[in-house]
Amino acid sequence: MTPDSTYLETRLATDQADLLSAQRLRYRVFVEELGGDGALVDHQNRLERDEFDEVVDHLVLVDTRRPTADLDHVVGAYRLLPGERASGFGRFYCDAEYDLDPLRRSDRSLLELGRSCVDPAFRGGAGMFLLWNALADYVLEREIQLLFGVASFHGTDVDALAQPLSWLHHHHLAAPALRPVARAPGHHRMDLIAPDALDRRAAMTGMPPLIKAYLRLGGTIGEGAFVDHDFNTTDVFLLVDTAAMSAKHKKFYEARWQAQ
């Protein structure tokens, strides 16, 4: 049964309890569920964290029935890093995996999205919809033009992901002028299957829901996958140009802006 959304609210993290609860959720999802790790992961306190946590905005989905003292009130999270803040910090998270020079040369307003996760009990219901509504508000208020980030397939066996990776490569590559390329040594080709040998059903079945959601927004991808052994994932670069969104999704964003 889907949790009652009347108990859910979204906000940018307002205090240390919100941040710690988001890191606790990320630990449950990325470390315990997916087998990831990292240099700054705090296993003793069950917190997934890194050096970007102090400079990003943490968009959180909160179950208001849960006491903040227990650090389990955050049931969904997104990390948001605006371009000007990344410039001050010196880099985006994605710089470690992809060459972002095409985006920087575009001279357009940028927003990096990352660490998207939802508690298993809240998946498939209103949780992700509420997070995306809040993200739409954030984007519109700041007049963001390009959204980007890496989205992950579970596991590092690229051959096992040949159908979805090849489908993305052959059908959803970003325009060359905006197309980041995966860096070595994690770079791996995505065109593993010829276009005429692709099985659309198999490709879609193997595609994570988050990637499908970005594609429905008109999202495109970078060149090459990046195999992240620390996080036990195979990452693809996703890019959404808000100026090139489909009319349907643009109307959704504009309606949210006009309603404020």
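Provided above is the structure to which this section pertains.
Since this is a predicted model, take the numbers as computed values, not measurements.

Asker: It is not clear to me how the pairing of strand β10 (residues 225-228) should be interpreted in this structure. Could you clarify?
Answerer: Alternating positions in β10 separate into two faces, Ala225 and Val227 on one and Phe226 and Asp228 on the other, with burial throughout. Pairing of strand β8 (residues 187-188) with β10 involves two bridges; the strand directions are antiparallel. Following the sheet pairing, His187 is matched in β10 by Phe226. Bridge count for β10 against strand β11 (residues 233-241) is three bridges, and the pairing is antiparallel. Paired with Val227 across the bridge in β11 is Thr234. Hairpin connection between β10 and β11: a loop of four residues separates the two successive antiparallel strands, and Asn232 in this loop has a positive phi of roughly 55°.

Asker: Even after reading the chapter, I still don't get the pattern of salt bridges, so can you show me in this structure?
Answerer: When charged atoms on two side chains of opposite charge get close, those side chains can pair. For the structure shown, the criterion picks out 20 salt bridges. A salt bridge links Arg28 to Asp119; the shortest N-O distance between them is 3.0 Å. Here Asp119 lies in the loop between β5 (110-118) and α4 (126-141) and Arg28 lies in helix α1 (residues 16-33), a separation of 91 residues in the sequence. When the shortest N-O distance is used, the salt bridge between Arg85 and Asp57 registers 3.1 Å. With a gap of 28 residues between them, Arg85 in helix α2 (residues 83-89) and Asp57 in strand β2 (residues 57-63) connect regions that are remote in the sequence. Residue Arg85 is classed as partly exposed on the basis of its relative accessible area of 32%. By sharing partners, the salt bridges in this structure join Arg26, Glu48, Asp50, Asp53, Arg79 and Arg115 into a single network.

Analysis parameters
- Numbering of residues starts from 1 in every chain and runs along the sequence as written.
- pLDDT decides what is reported in this predicted model: residues at 70 or higher carry local features, side-chain atom pairs at 80 or more are listed and counted, and totals for whole chains, interfaces and linings draw on all residues regardless.
- Computation of side-chain values: all heavy atoms of the structure, hydrogens and water removed.
- Burial classes follow relative accessibility: with a 1.4 Å probe on protein chains only, a residue under 20% of its type's maximum area counts as buried, one over 50% as exposed, and anything between as partly exposed.
- Only runs of H or I of at least four residues qualify as helices and only runs of E of at least two qualify as strands under DSSP, and these elements are numbered from the N terminus.
- The pairing criterion is simple: DSSP has to find at least two bridges between the two strands.
- Whenever a carboxyl oxygen of Asp or Glu lies within 4 Å of a side-chain nitrogen of Lys or Arg, that contact is scored as a salt bridge.

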